[in-house]
Amino acid sequence: MRRLGSVQQKVPCVFVTEVKQEPSTKRDSQFQVVATARVSPVAVDAQVHRAVATEKLDGTCCYVSVYKGRPHLWARLDRKANKQAEKRFKKYQRSHHGCKGFLWSVEEDFKPVPETWVPALRVKHHEGHPVPDEHGHIPGWIPVEKDSKQYCWHASVLDPDLRAALVLRPCAEDEDALEVAALPLANLLEQTLELIGTNVNGNPYGLGSKKAPVHLLVSHGALRIRDPPPVDFQQLCSWFRESPEGRVEGIVWHCPDGTLVKLHRHHLGLRWPEGGPSLGERAAVVAVGSGEHGVDRKDLFALLSALSGRRFSRLTDIAAAL
């Protein structure tokens, strides 16, 4: 099974989109980006009809790469323009109906970032500086430190002693079930993953609780959609509305040439979350292993280790056993 593409940039919609000046079903947005029925030229050129369809997850993007000589988890941190530059950029967009031709000064127009920040792969550079994308952002990464307050939920999925991470993936023995496993970061090198859980994006999957928070990493492309609908506007609308498998945030298609395209429920004017996302309803097996955990440890690694070998009828049921 080939490894599917990593997410280093904004992923475009599989359909041509248009902007409507009315409140969106998406959080805190006063306009809607909606899909038209026309498949985008990018998707057509990438042979989307031969692509692998996977579940789009509602979390925050992470990346595993080398830091200080060893595999390390990085959090997504897009460098954004300061207020003055953002106003100038939006004014230009309105008057020119786009951002083509807008000139940035990265040193003056953008908020400072920590010294450890690095731009994402494939970000364009000009005269040694990363170039902002069409949204006025510079996608990038920052290493997750063990005692970081800002990235404490990222750190909660890590065991610094074992150099491993808590990963949710399909169960090899049961295609209908999921497995919570502890994987060495070395096995995840150069992959991007989604952090989901109690304190991420309002917890649409119902994982954990305030008393017993649960956070997990899911490799992008890991959750394949069985019998996906064709890339057809009406058939996809029906699938999201009517199919039990359609209770997902969206679909990401991994095309043969590595191109990624997506479709979000919001592109179709559909609410999210809706009707109990299917991910939380799937059976789950805990396979974290015993490790070298001290008796006083109460971190997520130790708590899940105590449940290793147990099967739960629903992923959301794990929290009650912690």
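First, a word on scope: everything that follows refers to the structure included in this document.

Parameters and conventions
- Residues numbered from 1 in each chain as written.
- Predicted model: local features only at pLDDT ≥ 70, side-chain atom pairs only at ≥ 80, totals over all residues.
- Heavy atoms only, no water.
- Helix = DSSP H or I, 4+ residues; strand = E, 2+ residues; numbered from the N terminus.
- Rg over C-alpha atoms; globule rule 2.2 N^0.38 Å.
- Buried < 20%, exposed > 50% of the residue type's maximum accessible area, 1.4 Å probe, protein only.
- Contact = heavy atoms within 4.5 Å.
- Areas by Shrake-Rupley, 256 points an atom, 1.4 Å probe, with all protein chains shown as cover.
- Lys, Arg positive; Asp, Glu negative; His and termini not counted.
- Salt bridge = Lys/Arg side-chain N within 4 Å of Asp/Glu carboxyl O.
- Arc of directions from axis to C-beta.
- Polar contact = N/O pair within 3.5 Å; in protein donor to acceptor, adjacent residues only side chain to side chain.
- Core = buried A, V, L, I, M, F, W, Y, C linked by side-chain atoms within 4.5 Å.
- 1 Å grid on protein atoms, 1.4 Å probe; cavity = no way out; pocket = protein on both sides within 12 Å on 5 of 7 lines; lining within 4 Å.
- Points joined across faces, edges and corners; volume = space filled by probe spheres on them.
- Nonpolar A, V, L, I, M, F, W, Y, C, P; charged D, E, K, R; others polar.
- Pairing = 2+ DSSP bridges.

Here the focus is the overall build of the protein. Along the protein, the regular secondary structure elements total eight helices and 20 strands. A compact globule built from 322 residues should have a C-alpha radius of gyration of about 20 Å, and the protein, at 20 Å, falls within 12% of that. Taken over the C-alpha atoms alone, the protein extends approximately 65 × 45 × 35 Å along its principal axes. Counting only residues that meet the buried cut, the protein has 48% of its 322 residues in that class. In the protein, 64% of the contacts between residues at least 6 apart in sequence involve partners at least 24 apart. Accessible area for the protein stands at about 17,300 Å²; split by element, carbon and sulfur atoms hold 50% of it.

Looking now at the side chain of Asp-133. Relative to the assigned elements, Asp-133 resides in the loop between β9 (129-130) and β10 (137-138). For the buried residue Asp-133, which engages in no salt bridge, the nearest side chain bearing the opposite charge is Lys-10, 6.3 Å off. Ignoring anything within four residues of it in the chain, the contact list for Asp-133 reads Lys-10 and Pro-139.

Another point: helix α5 (residues 233-242). Quick reminder: α-helices carry 3.6 residues per turn. Residues three or four places apart thus point the same way. Listed as buried for α5 are Phe-233, Leu-236, Cys-237, Trp-239 and Phe-240. An end-on view of α5 places all buried positions within 160 degrees of arc, on one side of the element. Residues of α5 that are exposed and point over 90 degrees away from its buried face: Gln-234, Arg-241 and Glu-242. Buried positions along α5 lie against β1 (15-20), β2 (32-39), β17 (250-254) and β18 (260-264). For α5, the side-chain oxygen to backbone nitrogen distance between the N-cap and Gln-234 is 3.3 Å, and the N-cap itself is Asp-232.

The subject of this paragraph is the nonpolar core. Leu-168, Leu-217, Leu-279, Leu-304, Leu-315 and Ile-318 are the most contacted members of the largest nonpolar core, which totals 45 residues. When contributions to this core are tallied by element, the ones reaching two or more residues are β4 (60-67), β5 (70-76), β13 (164-170), β14 (178-184), β15 (192-197), β16 (215-219), β19 (284-287) and α7 (300-305). In terms of residue count, the dominant contributor to this core is β13 (five residues). Leu-279 has contacts with Glu-55, Leu-57, Leu-168, Leu-178, Ile-196, Tyr-205, Leu-223 and Leu-315, leaving out every residue within four places of it along the chain.

Summary: where empty space remains is shown by rolling a probe the size of a single water molecule over the atoms. The full count for this structure, using the stated rule, is one cavity of 30 Å³ or more. The space that makes up the largest cavity amounts to roughly 70 Å³. Looking at the largest cavity, the residues that line it are Val-180, Leu-207, Gly-208, Val-214, Leu-216, Leu-304, Leu-315, Thr-316, Ile-318 and Ala-319. Here the residues of the lining of the largest cavity sort into eight nonpolar, two polar and no charged.

Okay, the pairing of strand β11 (residues 140-143) next. Neither face of β11 is open: one carries Gly-140 and Ile-142, the other Trp-141 and Pro-143, and all of them are buried. Summarising the sheet, β5 and β11 pair through three bridges and their orientation is antiparallel. Each bridged residue has a counterpart across the sheet, and for Trp-74 the counterpart in β11 is Pro-143. By the bridge criterion, two bridges tie strand β7 (residues 118-119) to β11 in an arrangement that is antiparallel. In the strand pairing of β11, Val-118 is matched with Trp-141.

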